[in-house]
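An overview of the molecular structure
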Amino acid sequence: MKFKPVPTYQQIFGEELPNLGTLLDEIPTVNLLVIISLINAEILLNENDSSSHKEILRLFFSRQSEIIKKKIQDRWNFLNTKFGDSPSIFSMQYSNRFIHYALCNFKEGKLDDLSIEQELNVFKAYMIFVTEQIKEDGKLVKTGTNSYEDFFSENTWPLLNSQYESNIRINLTSEIIRSYILFDYLSSETEYKNYLQIFLSNRGFDEYRNYIKSLIILILHSTTKKENNSPINYSGYLKNAKEFEGLLNELSLDVEEYKNIYIKKPSGYTGIKEKPAYKIDDETYIILNWDYLYSKLYEGFMYDFYNYSGISKAEKFKIFPDFKTLISKEVTEKLVFRKAIKNILFKKHTVIKFDEQTNNFPDAYFRVRNKIFLIELKDVSFPLIDEYSFDKIKAVIDNKLNNNSKGTGQIVKQIIKLKTSDFEENPSYKRKRNLTIYPIIVYTNENFQIPGVNEYLRKSFDEKINESGIRNQFKVIKPLVLINLQFLIGNLDKLQDKRIDFIDLLEFYYSELKRSKKKAIKTKLLNDFFQIYEPIELVINQKLNIYKDSDLTLREIFSIFDIEIEKKALPK
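Residues numbered from 1 in each chain as written. Predicted model: local features only at pLDDT ≥ 70, side-chain atom pairs only at ≥ 80, totals over all residues. Heavy atoms only, no water.

1. Some details on the overall build of the protein
When helices and strands are counted, the protein shows 26 helices and 11 strands. At 25 Å, the protein has a C-alpha radius of gyration in line with the 25 Å of a compact globule built from 572 residues. For the protein, the spread of C-alpha atoms along the three principal axes comes to 80 × 60 × 45 Å. Sorting the 572 residues of the protein into buried and exposed places 54% on the buried side. (Helix = DSSP H or I, 4+ residues; strand = E, 2+ residues; numbered from the N terminus. Rg over C-alpha atoms; globule rule 2.2 N^0.38 Å. Buried < 20%, exposed > 50% of the residue type's maximum accessible area, 1.4 Å probe, protein only.)

2. Remarks on the pattern of salt bridges
Per the counting criterion, the structure on display carries 30 salt bridges. Between Glu-256 and Lys-259 there is a salt bridge, and its shortest N-O distance comes to 3.4 Å. On the criterion of helical spacing, the pair formed by Glu-256 and Lys-259 is a turn pair, its members being three residues apart in helix H13 (residues 255-262). Residue Glu-256 is classed as partly exposed on the basis of its relative accessible area, which comes to 46%. (Salt bridge = Lys/Arg side-chain N within 4 Å of Asp/Glu carboxyl O.)

3. Observations concerning the pairing of strand E2 (residues 277-281)
Relative to strand E3 (residues 284-287), E2 runs antiparallel, the two sharing four bridges. For Lys-279, the partnering residue across the bridge sits in E3 and is Tyr-285. From the end of E2 to the start of E3, which pair antiparallel, there are two residues. (Pairing = 2+ DSSP bridges.)

4. What about the packing of helix H6 (residues 92-104) against H13?
Two numbers describe a pair of packed helices, the interaxial angle and the distance between the axes. Look at H6 against H13: their axes get within 9 Å of each other, and the N-to-C directions meet at 105°. With respect to each other, H6 and H13 are oriented roughly perpendicular. Along its contact with H6, which presents His-100, Leu-103 and Cys-104, the element H13 presents Val-255, Tyr-258, Lys-259 and Tyr-262. By residue class, the composition of the contact of H6 with H13 is five nonpolar, one polar and one charged. (Axes fitted to C-alpha atoms, helices over the stretch in contact; angles between N-to-C directions. Parallel < 35°, antiparallel > 145°, perpendicular 65-115°, else oblique. Contact = heavy atoms within 4.5 Å. Nonpolar A, V, L, I, M, F, W, Y, C, P; charged D, E, K, R; others polar.)

5. With respect to the environment of Ile-311
With respect to the helices and strands, Ile-311 occurs in the loop between helix H16 (299-308) and helix H17 (320-345). The residues contacting Ile-311, other than those within four sequence positions of it, are Tyr-192, Tyr-195, Phe-305, Tyr-306, Phe-317 and Phe-323.

6. Looking at the packing of aromatic side chains
Taken as a whole and assessed by the stated rule, the structure comprises 38 aromatic pairs. Between the NZ or CZ atom of Lys-124 and the centre of the ring of Phe-13, over which it lies, the distance is 5.4 Å. The aromatic ring of Tyr-298 is capped on one face by Arg-178, whose charged end is 4.0 Å from the ring centroid. (Phe/Tyr/Trp six-rings, centres within 6.5 Å; stacked < 30°, edge-to-face > 60°. Lys NZ or Arg CZ within 6 Å of the ring centre and 35° of its normal.)

7. As for the environment of Ile-540
Within the fold, Ile-540 resides in helix H25 (residues 536-544). For Ile-540, a relative accessible area of 1% corresponds to the buried category. Each C-alpha atom of the pair Ile-540 and Leu-218 lies 31 Å from the other, and the pair is 322 residues apart in sequence. Not counting chain neighbours up to four residues away, the residues in contact with Ile-540 comprise Phe-487, Leu-505, Phe-508 and Tyr-509.

8. Notes on the nonpolar core
Among the nonpolar cores identified, the biggest contains 144 residues, and Leu-24, Phe-90, Phe-323, Ile-327, Phe-373, Phe-502 and Phe-561 are the most heavily contacted of them. The element that contributes the greatest number of residues to this core is H17, accounting for 11 residues. Apart from residues no more than four positions distant in its own chain, Phe-323 is found in contact with Met-302, Phe-305, Tyr-306, Ile-311 and Phe-317. Listed in part, the 34 residues of the second largest apolar core include Trp-157, Ile-393, Val-396 and Phe-448. (Core = buried A, V, L, I, M, F, W, Y, C linked by side-chain atoms within 4.5 Å.)

9. Re the packing of helix H10 (residues 190-201) against H16
Following both chains from N to C, one finds H10 and H16 inclined at 95°, their axes separated by 10 Å at the closest point. Taken together, H10 and H16 sit at an angle that is classed as roughly perpendicular. Of the residues in H16, those touching H10 at Tyr-192, Tyr-195, Leu-196, Ile-198 and Phe-199 are Phe-301, Asp-304, Phe-305 and Tyr-308. Class assignment of the residues belonging to the contact of H10 with H16 gives a composition of eight nonpolar, no polar and one charged.

10. Brief notes about the sheet that holds E2
With antiparallel pairing, three strands are arranged side by side in an open sheet as E1-E3-E2. The sheet is open, and its two borders are formed by strand E1 (237-239) and E2, each paired with just one other strand. Looking at each pair of strands side by side, their axes are set apart by 20° on average, direction ignored.

11. Points about H13
Those residues of H13 that fall on the buried side of the exposure criterion are Val-255, Tyr-258, Lys-259 and Tyr-262. Along the axis of H13, the buried residues cluster in a sector spanning 95°; they form a single face. Turned more than 90 degrees from where H13 packs its buried face, Asn-260 and Ile-261 sit exposed. On its buried face, H13 sits against H6, helix H14 (270-274) and E2. Put simply, Asp-254 is the residue that caps the front of H13, since its side-chain oxygen is 3.2 Å from the backbone nitrogen of Glu-256. (Arc of directions from axis to C-beta. Polar contact = N/O pair within 3.5 Å; in protein donor to acceptor, adjacent residues only side chain to side chain.)

12. Quick word on the side chain of Lys-259
When its relative accessible area of 18% is taken as the criterion, Lys-259 is described as buried. If we ignore the near neighbours within four places in the chain, the residues touching Lys-259 are Leu-103, Cys-104 and Phe-106.

13. What about the side chain of Asn-445?
For Asn-445, the position within the fold is in the loop between strand E9 (436-443) and helix H20 (453-468). Of the polar contacts made by the side chain of Asn-445, one reaches the backbone nitrogen of Asn-447; its length is 2.9 Å. For Asn-445, the contacting residues outside a window of four places in its chain are Val-380, Ser-381 and Phe-382.

14. As for helix H18 (residues 390-401)
Relative to the 16 Å expected for 12 residues at 1.5 Å per residue, H18 spans 16 Å between its end C-alpha atoms, a close match to the ideal helical length. Looking only at H18, the buried set comprises Phe-390, Ile-393, Val-396, Ile-397, Asp-398, Lys-400 and Leu-401. (Expected span 1.5 Å × (residues − 1).)

15. Details of the environment of Asn-403
Counting through the fold element by element, Asn-403 comes out in strand E7 (residues 402-403). Along the sequence, Asn-403 and Asp-254 sit 149 residues apart, while their C-alpha atoms lie 42 Å from each other. If near-sequence neighbours (up to four positions away) are discounted, Asn-403 is found in contact with Asp-398, Thr-408, Gly-409, Gln-410 and Lys-464. At 2.9 Å, the side chain of Asn-403 and the backbone oxygen of Asp-398 are in polar contact. At 2.9 Å, the side chain of Asn-403 forms a polar contact with the backbone nitrogen of Ser-405.

So, in structure tokens, the structure goes:
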């Protein structure tokens, strides 16, 4: 993990902020949305790559005078030297602010070429939103913290949590798999089949596989970089999109409706998440945020299905969490989690068992020789927070993952139970004192991947273990690990490789934590200290990337989850 420097408007232009309304006064909103869509399409696949930022700047300044180009280039070079790193300007977070402003201050007009001055004004406006966000972030920073650890959790959590509302990063392979499993479940259950048909019919589909395939093909446009450098020839600009018309019409936001609901407060940009497309005319659409479109495969689909299929009127699903609970148990746990865990861990001479509503039994129990995994699945949401603060974020984490009945507390109870009884009949180990225990929480919501959350839960778990007095009853109780289910599914082709041992990956993670702590103490550099809090997914990727030659195909991964796919059901 590394924090990239973000310059303000004043640092780029060397002048005070101009009036936003004056800058954009004569520019139709459709032009603004197209430009922001282009920015988001460019940074989608590699937001932290400085070349992406330079490419966007090149598009903005290609027609500007040499005097203006030199002025901006000189300031860019100065900031690069000052920061010791290439500045980062463009982000989905800033783009969402711009989109929200543009929609709430909508100006009629057709899509047309902007003047050279107007192009510069749009970039200046973007930098105003960047500067406003920097100012708001500054208010979240606390002073007087006594240590690096205090500084990290109290200051970075509010900053990062607000960014995660805009910057959703979804593993496409994982979401495609989960999508098919979820749709298959809804279509096979008589109780929900009619609701699914209503949902599909409203989007012009008679069969869910065609719906998913169409959505995947649409999503794949985001990975296609066009040769022409024209501002209206990029992945987010969809011309002659008849094949996606029904889908895109449902995903296109209505400006007046958006303003009526969100003009006072963007509410985590829920309106853009729900409707991430904009319809320019009868045959032209733009994708405002590809990440939000990706989410329509699974998480976003669940919200849409609940709101637009009629199932919300069912007695048992009066509120969305009721429906979410059903999907968590019947789909996420039974059909996704169990099959993924079994495929990753199970080998010869191992034992794997899953919870069948037994008291204090883990969601997954795995043993190889004297090493035991106690795994809890937490398919829980991270609610919107009106005011970002460390205390409120901590309260959410404690409520969802860290109390006596959930997450850390559950695993502690399981370890206490293991002291006097077994989770399997006639286990081959002889003495409990020889057991090594690996406690793991598997989660599904990306917000729990915020750096530092694992460290916080690890410390809380250790405190509970120490209070229970059971640590010395076993050979060792390893540090708690928090890992994303999306990551496990998305890397199934590597994790199932016979050359990879999951225990070795965990031990590598533990050793990297120790190494990072020693380095941070030695250098006392902030970025080195932040390495301590990297989530496990980033750390073990160093090992997984060695095995790029895994030949497990997407179709073979589907078979692991018992998904039957026709030959033409998946795009090439």
